Amino acid sequence: MSFEGKTAWITGASSGIGAALAREWASRGANIILSGRDEARLADVAGTLQNESLVLPFDVRDDTAMQAATERAIAWKGVDIFVANAGVSQRSAAVDTDMSVYREIIDIDLTAQIAATQALLPHVTARGSGHLLFISSIAGKVGVPMRTAYCAAKFGLVGYADALRAELSQSGISVHVVCPGSVATDVSRNALTADGSKRGRSDKVIDNGIDPAEAASRIVSAVEANQREIIVAEGREEAMGELRRTPDQLLDQVAGMVAAGYMEKMKAEE
């Protein structure tokens, strides 16, 4: 598989894994669309890329802005690769956490990612090819303390992606779930606390985590190999992720249901 001349659209692209993925795909010949809320930081990332790029700033929770960005992205060069990466983490015990924090994290990390994908689906299905990537987490496979809202959202993202993969299994479109462990980004510093305020400090495990460039290289290579579930972690986190990895045989079985006409039968019964 070659990414030369393809176009990758990445949300949450102003820093961390998103920015690193932009650089990695550009180094492999792809054109890049960068989205996030901070236009200046997106422009800084664009300035480091080897190939053509388009900066499309918007808040993923703004459906009108997201729809407009989708139309601009399609009109620019079309979209071959879409990465649902925007997100925010959490550091607070459930018993202390205000319900507004649950709603905000689930809105950003799950609902908005689904909405962005749904807006793009008619384009990619009409093309009959492409890759949809969902950046979940090891915390999307294993319940981790102090992250109940984050786990709920990231588990949900895996469920949406797995079901979507099955539906699209006969379409030529590949769906990938990415489950990173600790990667050296600002994820902990930007995490929400019990009252919704930013934590403002990092964790040692995050600071000593995988370099974002290394994580991005692993992810893009796994997409190139057409892996459906991609675990990017080390040590105990990798072991936990592998214990909860969805077996390829199960993914094949569900795809087989679609190939055998499951969706058509369901629609006929309705």
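Quick look at the structure, then. (Residues numbered from 1 in each chain as written. Predicted model: local features only at pLDDT ≥ 70, side-chain atom pairs only at ≥ 80, totals over all residues. Heavy atoms only, no water.)

Let us now look at the overall build of the protein chain. Within the protein chain one finds 10 helices and seven strands. Computed over C-alpha atoms, the radius of gyration of the protein chain comes to 18 Å, within 12% of the 18 Å expected from 2.2 N^0.38 for 270 residues, which places it in the range of a compact globule. For the protein chain, the spread of C-alpha atoms along the principal axes amounts to about 50 × 45 × 35 Å. Across the 270 residues in the protein chain, those meeting the buried criterion constitute 49%. Accessible area for the protein chain stands at about 12200 Å²; split by element, carbon and sulfur atoms hold 50% of it. Of the side chains in the protein chain, 27 bear a positive and 35 a negative charge, and the two mean positions are spaced by 3 Å. (Helix = DSSP H or I, 4+ residues; strand = E, 2+ residues; numbered from the N terminus. Rg over C-alpha atoms; globule rule 2.2 N^0.38 Å. Buried < 20%, exposed > 50% of the residue type's maximum accessible area, 1.4 Å probe, protein only. Areas by Shrake-Rupley, 256 points an atom, 1.4 Å probe, with all protein chains shown as cover. Lys, Arg positive; Asp, Glu negative; His and termini not counted. Charge placed at Lys NZ, Arg CZ, Asp CG, Glu CD.)

Once that is clear, we can look at the nonpolar core. Trp9, Phe82, Leu132 and Phe134 are the most contacted members of the largest nonpolar core, which has 44 residues in total. Counting residues per element, the ones that place at least two in this core are helix H3 (63-77), strand E4 (81-84), helix H4 (99-127), strand E5 (130-135), helix H5 (148-167) and strand E6 (173-180). Counting residues per element, this core draws most heavily on H4, at 11 residues. One finds Ile210, Ala216, Val223 and Val232 within the second-largest nonpolar core, a separate group that totals 33 residues. (Core = buried A, V, L, I, M, F, W, Y, C linked by side-chain atoms within 4.5 Å.)

With parallel pairing, the seven strands of this open sheet are ordered in space as E3-E2-E1-E4-E5-E6-E7. A strand with exactly one partner marks an edge of an open sheet, and here the two such strands are strand E3 (53-55) and strand E7 (229-232). Looking at each pair of strands side by side, their axes are set apart by 15° on average, direction ignored. Bridging between E4 and E5 involves four bridges; their strand directions are parallel. Bridge pairing in E5 places Phe82 opposite Leu132. On the sheet, helix H2 (residues 39-46) packs against strand E2 (31-34) and E3 and is oriented at approximately 175° with respect to E3. (Pairing = 2+ DSSP bridges. Axes fitted to C-alpha atoms, helices over the stretch in contact; angles between N-to-C directions. Contact = heavy atoms within 4.5 Å.)

With that settled, the discussion passes to the pairing of E4. Along E4, one buried face is formed by Ile81 and Val83 and the opposite face, lined by Phe82 and Ala84, is buried too. In terms of strand pairing, strand E1 (residues 7-10) meets E4 through three bridges, oriented parallel. Residue pairing in the sheet places Ile10 in a bridge with Val83 of E4.

A surface patch of nonpolar side chains, about 410 Å² in accessible area, is lined by Leu250, Val254, Met257, Tyr262 and Met266. Only helix H9 (248-259) and helix H10 (262-269) provide two or more residues apiece to the nonpolar patch. The greatest single-element share of the nonpolar patch, amounting to three residues, is contributed by H9. (Patch = residues over 30% accessible without salt bridge, like charges linked within 9 Å, V, L, I, M, F, W, Y side chains within 5 Å. Salt bridge = Lys/Arg side-chain N within 4 Å of Asp/Glu carboxyl O.)

Counted under the stated rule, the structure contains one cavity of 30 Å³ or more. Size it by volume and the largest cavity reaches roughly 30 Å³. In terms of lining, the largest cavity is formed by Asp162, Arg165, Ala166, Leu251, Val254 and Ala255. Going through the elements one at a time, H5 and H9 are the ones with two or more residues in the lining of the largest cavity. For the lining of the largest cavity, the class distribution of residues is four nonpolar, no polar and two charged. (1 Å grid on protein atoms, 1.4 Å probe; cavity = no way out; pocket = protein on both sides within 12 Å on 5 of 7 lines; lining within 4 Å. Points joined across faces, edges and corners; volume = space filled by probe spheres on them. Nonpolar A, V, L, I, M, F, W, Y, C, P; charged D, E, K, R; others polar.)

A separate point is the pattern of salt bridges. Within this structure, the stated rule accounts for 16 salt bridges. For the salt bridge of Glu229 with Lys141, the shortest nitrogen-to-oxygen distance reads 3.1 Å. With Glu229 in strand E7 and Lys141 in the loop between E5 and H5, this pair connects stretches of sequence that are 88 residues apart. Counted as one network, the salt bridges with shared partners bring together Glu24, Arg28 and Glu224.

The next point concerns the state of the cysteines. Covalent bonding between the sulfur atoms of two cysteines defines a disulfide. All told, the structure shown has zero disulfides when counted by the stated rule. The thiol of Cys179 is unpaired, and the distance to the nearest cysteine sulfur, on Cys151, comes to 11 Å. (Disulfide = S-S within 2.5 Å.)

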